[in-house]
Amino acid sequence: MKNSFFSTARSRRLGAVAIAATAALTLAGCSGGGNSDGPTTIKFSYLWSGPEAEVLESIIEDFNDSQDDIVVKGVSSPDQQKQLTSMSSSNGSFDISDNFGENVGSWASKGVLAPLDEYIESESIDLDDFAPAALEQMKHDGQTYALPIAVHSFQLLYNKTLLDEAGVEPPTTMDELADAIEKLTITDDSGKITQLGIGDANTTTTLTTLGFAFGGAWSDDDGPTPTDPGNVEAVDWWQKNVVELVGADNLADFKAGEGQYLSAEDSFFSGKVAMIIDGEWRAASASEVAPDLDWGVTAIPAASPKLENSTQVTSSTLFIPTNSKHKDEAATFLAYLLSPEVMEKFSLTLGNLPARTSLLDSDAYKDLPNFEVWANALTSPNAQSLASAPYSAEYSTDLGNAFDDVVRGKSTAEKALDYVTSRTKSYAK
Amino acid sequence: MSMLTRRRPEARAQTRAGAPKRPRTRRRSFWIGVAFASPFIIGFLGLFAYPILASGYYSFTDFNLFQSPDWVGLDNYEQMANDDVFWKSLANTLVLAVMGVPLTIAIALGGAHLLNTPIKGQPLYRAFIYLPSIIPVVVGGYLWRWLLNTQYGFVNYFLSWFGITGPSWLQEPDWTKPAIVLVVLWTVGGTMIIYLAALKDVPHELYEAASIDGAGPWRRFLNVSWPTVSPVTLFQVIVCLIAYLQIFTEPYVLAQERLNNISSGPDQSMLTYAMYLYQNAFVYLKMGYASAMAWVLFIVTLIVTLVVLASSKRWVHYGSQ
C-alpha cells in the first residue's frame, strides 16, 4: 500500500495534522479556568428564554457594571436534562442556575446542590422576608439548597361576560362552584360542548391544588399520601361535577380542540371556558394576547370555612451546583438577584409573584390586572406546596396518570389513587 | 486508485533497494493509518464501547447519576417484571412497530415506482418527497401537533371535505398510535429513495420480456420488481424495525403538554419504551434501572432481527443464485 504520496516529510506533517485535529476535537470544551488576577468570570445558565432572558441579560449587565470583582456571563439553555448532566461531571459548565421548587429535594439528596446556609449568613439574606410555603421546598435535611426568585399561586379565574350572561356570581363555596359549572356549561343539539364551565390548564396542578382546597395533603414525613381523604374527596368532586356533567368522551373531544396554552386560542382566553384554576402568569399574558377579555380572579372556593384561601404555591428557584469552582462569587451574584429591586424588576417582566413578601404591596405590580388576589393568597396559612422529595418526579407522573384515568372516566377517584399508592413502593429514596 | 497502480513498480523498486528499511516504513504507515483513523477509534471507544460496558455494569446497580453506584444484583430486572408501566411501554412500542413497518415498506416501494415513471418534472417530485426528511424531527413534530388539532388543524378539516369527521388524534388513546405512525411516515422519503435506487438496477429487459408475455403492471411488479428488490427490502425491514423499537422523538413531541413536563399521552398510550427509559434515567434519576431497560431492549431487538433474518430465506432472492 506504500506509495510516494506519503513521502516521509509530507506524511509526518499529515499525521501530525490528523493527530492535532483529533486532539482539538476531543479536548474542545475542556477550556481552562480564569486567571488569578483580574475579575473572576462566572457563568449563569438559565432555563428562561425570550423576554425573560432579555430582562435577565439587562440585570446581568447592571451587576457587571456595579463592581469590578466578578464578571457574570449569562447563557439561555432551556434544556433541563443538559443542566442535570452538566452537574454530574466533576467540572460543571455553570456556576449558578435556576429550576423549580419541586426538584430541590431530589437533587439535594444526591449531593449536586451546594448548601446555601453559610452564604445566606455571609450575604445577609433575610429569610424571614420570603414566602413561607415556598421556603419549605428549598430545604432538605434541615439545610437550604436553593432560594426562590419568583413564586406562583393558583386561583380561580373567571370570564365576567360569560358569568353575567348566565347570571352567576363568582363562587365562594364548592357547592356554589358546582352550581356555576353546571350553569356555565353549554352543549349544542348534538351534545357537543360549545362552552365549558371550568377548564383545566393542566390536570395535575388543578387537581393537586383542589386536593389542598379540600383539606387533603399529598405527602407527610413518611412519604407520599395519595389516598388522604381530602385528596380522594377533591378528585371525586371533580369527577362528579365536571366529568360526569358532560361525559368523559365529550370532555376529551373538547380538550382535543383546545389551542396552545396561553396563546390567543387558549380556551380561557378565547371564551370557550368560563372558569379556570391557574397561576398569576395569566395576568401578564392576558393583557398581551386577549386584551379585550373581561376577566376576574377570586380565591379558590373553600370546602369548609377553615379551608378558606387554600392554594398551591410553586416557585422558580436559584441554586449553585456543587461542582462550581466559584461558589463565593456565585453566592454574591445570587444575593444580588434576590435583592428587592432586582427581584421586582425580574418578576414583573414574567408577571410572577415576587418571593419576598415585602414586595407584594409594591406599586410596580399595580398595572397587572387582578394581581392582588394571587399576591394575597401567598401569605395565607392555607397556602401549601407539594413536598420536594427524591421521589417527587415519579410521584407527579403517577398522579398525572391517575388523574388522566379519572378524567377519561376509566377509573374512580379512589381506585386511581389506590393505584398510585401501589406504585410508591418502587420510588427513588 | 490510478495513481496507486501507476506508481507501484517505482515503489516496489524503492523497497527492494532499501530492504532493511522496510519494517520501519511499514510500521510508520501503520501509525499514520491509525492517526487518520483516530477520530473514529477514539469516538468508538469513548462514545460506544465504554458506555456499552458501563451500562452493563450499571444495570446491576442502584445508580442515580451523581453518587457512586450500589451493587443490587438482579433487582432492576426483577423490578421490571413487576412494573406495569414498563409492560405498557413495551406493548405500545411493539404496536407501533407492527403498524409502522409494513406501512413504511409498502408506501416507500409504491412511491418509488411512481417516482421511477418517466414523466415531466420527475426530479422535482423526488425532491419534494425527500424534503420532509431534512426538516428536524422536533420541528416536524410540532407542526403535526398543530395539523392534528381537531379544532384548528388541517388534517380534520381536509377530512371534512369528504364528509368524514376526523378523530381526536392526540386525545383518544386508540388514535394516538396512528397519529405517531402518520408523523413518522411523513419522512418516508428517505426509505423511498433507497428503493428508487434499487429499482433503477432492475434490468429493463425483464420488464419488456414480461410485457411481451402478457404480464400487466401487477404481474410485472410481483414477478420482476419484488424479487429483484427483495434483498433491499430485507435491509429496509431491519433498519425500519430497529428505528421503531427505539422510537422516541415523535411520540415525545406529540405527547408533550408543556416544556420540561413529563407527558405520556392519554392513558399513557404514547409512552414508548425509549421514552420510559429516558424518564427513568434523566427525570427519576434511576440510571441503574434505565441501563437494565436498555439491555432488555437490546436483547428484544436482537431476537426480532434474527427472526426476520431467519424468515428471509423464504422470501429474499439473490440474483446470482
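Named according to an unreviewed UniProt entry, chain A is Carbohydrate ABC transporter substrate-binding protein (CUT1 family) originating from Paramicrobacterium agarici. Looking at chain A in UniProt, the text filed under Sequence similarities (unreviewed entry) is "Belongs to the bacterial solute-binding protein 1 family."

A.B. asks: In this structure, what is going on with the domain arrangement of chain A? I would like to understand it.
C.D. replies: Much of the literature gives interface size as the accessible area that the parts lose upon coming together. Residues and elements named next belong to chain A. On domain assignment, one finds that chain A holds domain 1 (40-152 + 313-378) and domain 2 (154-311 + 386-426). Facing 24 residues of domain 1, the contacting portion of domain 2 comprises 21 residues. Taking both partners together, domain 1 and domain 2 bury about 1,800 Å²; carbon and sulfur atoms supply 61% of that area. Here domain 1 is connected to domain 2 by ten residue pairs in polar contact (both at pLDDT 80 or more). Only helix H4 (104-109), strand S6 (147-159), strand S13 (311-319) and helix H15 (371-378) provide two or more residues apiece to the side of domain 1 that touches domain 2.

A.B. asks: Would you mind showing me how to read the pairing of S13 of chain A here?
C.D. replies: Here is the key point about a regular strand: its side chains alternate between the two faces of the sheet. Residues and elements named next belong to chain A. Across the nine residues of S13, nine count as buried, placing the element largely inside the fold. Residues of S13 alternate between two faces, with Thr 311, Val 313, Ser 315, Thr 317 and Phe 319 on one and Gln 312, Thr 314, Ser 316 and Leu 318 on the opposite face, all of them buried. Sheet topology note: the strand S3 (residues 96-100)/S13 ladder contains four bridges and is antiparallel. When the bridges of S13 are listed, Ser 97 appears paired with Phe 319. Bridge analysis of S6 against S13 gives six bridges, and the strand direction is antiparallel. Looking at S13, one finds that Pro 148 is bridged to Thr 317. The sheet contact formed by S13 and strand S15 (residues 383-384) spans two bridges and is parallel. Residue pairing in the sheet places Thr 311 in a bridge with Ala 383 of S15.

A.B. asks: Even after reading the chapter, I still don't get the interface of chain B and chain A, so can you show me in this structure?
C.D. replies: Residue-level contacts link 45 residues of chain B with 50 residues of chain A. Among the residues of chain B in contact with chain A, Phe 66, Gln 171 and Arg 258 of chain B are the three that bury the most area, contributing 15% of the side total. Counting the contacts that link chain B with chain A gives four salt bridges. A salt bridge links Asp 84 of chain B to Arg 423 of chain A; the shortest N-O distance between them is 3.6 Å. Viewed at the interface, chain A and chain B are joined by 15 residue pairs in polar contact (both at pLDDT 80 or more). Ranked by residues supplied to the side of chain B that touches chain A, first place goes to helix H2 (residues 22-58) of chain B with eight residues. Considered class by class, the residues forming the side of chain B that touches chain A number 22 nonpolar, 14 polar and nine charged.

A.B. asks: I'm lost on the pattern of salt bridges in this one. Help?
C.D. replies: Opposite charge on two side chains allows them to pair when their charged atoms are near. One pass over the full model with this rule turns up 14 salt bridges over all chains. One salt bridge connects Asp 267 of chain B with Lys 410 of chain A, and the closest N-O pair in it is separated by 2.7 Å. Taken together, the residues Asp 267 of chain B in the loop between helix H12 (249-255) and helix H13 (273-283) and Lys 410 of chain A in the loop between helix H16 (392-407) and helix H17 (413-423) connect one chain to another. Through salt bridges that share partners, Asp 398 and Arg 423 of chain A together with Asp 83 and Asp 84 of chain B make up one connected network.

Calculation criteria
- Residues numbered from 1 in each chain as written.
- Chains lettered and ligands numbered in written order.
- Predicted model: local features only at pLDDT ≥ 70, side-chain atom pairs only at ≥ 80, totals over all residues.
- Heavy atoms only, no water.
- UniProt positions renumbered as here; feature names shortened; annotations may be inferred.
- Domains from an automatic or database assignment.
- Contact = heavy atoms within 4.5 Å.
- Buried area = accessible area lost by both parts, 1.4 Å probe.
- Polar contact = N/O pair within 3.5 Å; in protein donor to acceptor, adjacent residues only side chain to side chain.
- Helix = DSSP H or I, 4+ residues; strand = E, 2+ residues; numbered from the N terminus.
- Buried < 20%, exposed > 50% of the residue type's maximum accessible area, 1.4 Å probe, protein only.
- Pairing = 2+ DSSP bridges.
- Salt bridge = Lys/Arg side-chain N within 4 Å of Asp/Glu carboxyl O.
- Nonpolar A, V, L, I, M, F, W, Y, C, P; charged D, E, K, R; others polar.

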